[in-house]
Amino acid sequence: IYSQVKEFGALVFAATMNVRQVVSILVSYSTYGHSITYLQVIGLLLVFGALFYQSIRNLLEAEEQKPQEETKPLLKKEDTAATAGAKV
């Protein structure tokens, strides 16, 4: 868990946990021979579809913001000119 969060971030971890939950529910239904009603299928699709959508949207937003943060200068040009003339 820690290595995945460290290497890929919390959003990828959240998406992975969503996949694990879906697979766990489906394996449970098939293993124990329970039948799934159409209403349960719709509920599963709505809940996990919303979770996947939220994870993907947050992941895309994070990727869009990342390059902007890395290329943003620490000081404005006016600040660098003012500090260059005021050497002590």
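You'll find the structure just up there.
Residues numbered from 1 in each chain as written. Predicted model: local features only at pLDDT ≥ 70, side-chain atom pairs only at ≥ 80, totals over all residues. Heavy atoms only, no water.

*Asks:* What exactly am I supposed to notice about the overall build of the protein here?
*Replies:* The helix and strand tally for the protein stands at 4 helices and 0 strands. What you see in the protein, going N to C, is helices and strands ordered as α-α-α-α. Expressed as a percentage of the 88 residues in the protein, the buried residues total 5%. Accessible surface computed for the protein: about 7700 Å², of which carbon and sulfur atoms make up 64%. (Helix = DSSP H or I, 4+ residues; strand = E, 2+ residues; numbered from the N terminus. Buried < 20%, exposed > 50% of the residue type's maximum accessible area, 1.4 Å probe, protein only. Areas by Shrake-Rupley, 256 points an atom, 1.4 Å probe, with all protein chains shown as cover.)

*Asks:* Please clarify how helix 2 (residues 10-31) should be interpreted in this entry.
*Replies:* In an α-helix, one full turn covers 3.6 residues, which means residues spaced three or four apart are oriented alike. An ideal rise of 1.5 Å per residue puts 32 Å on 22 residues; helix 2 measures up with 31 Å between its terminal C-alpha atoms. Positioned one or two residues after helix 2, G33 has a phi angle of 70°, which is positive. (Expected span 1.5 Å × (residues − 1).)

*Asks:* Sorry if this is basic, but what is going on with the environment of T16 here?
*Replies:* Residue position: T16 is located in helix 2. Distance from T16 to S55, taken between C-alpha atoms, is 9.7 Å for residues 39 residues apart in sequence.

*Asks:* Explanation requested: the environment of V12 in the structure shown.
*Replies:* Along the chain, V12 turns up in helix 2. The exposure class assigned to V12 is partly exposed, which follows from its relative accessible area of 25%. If we skip the residues at most four places from it in the chain, V12 touches Q4 and L59. (Contact = heavy atoms within 4.5 Å.)

*Asks:* Before we go on, may I ask you to explain a nonpolar patch on the surface in this structure?
*Replies:* A grouping of L26, I36, V41 and L45 is seen on the molecular surface, where their side chains present a nonpolar patch of about 340 Å² in accessible area. Here L26 is to be found in helix 2. (Patch = residues over 30% accessible without salt bridge, like charges linked within 9 Å, V, L, I, M, F, W, Y side chains within 5 Å. Salt bridge = Lys/Arg side-chain N within 4 Å of Asp/Glu carboxyl O.)

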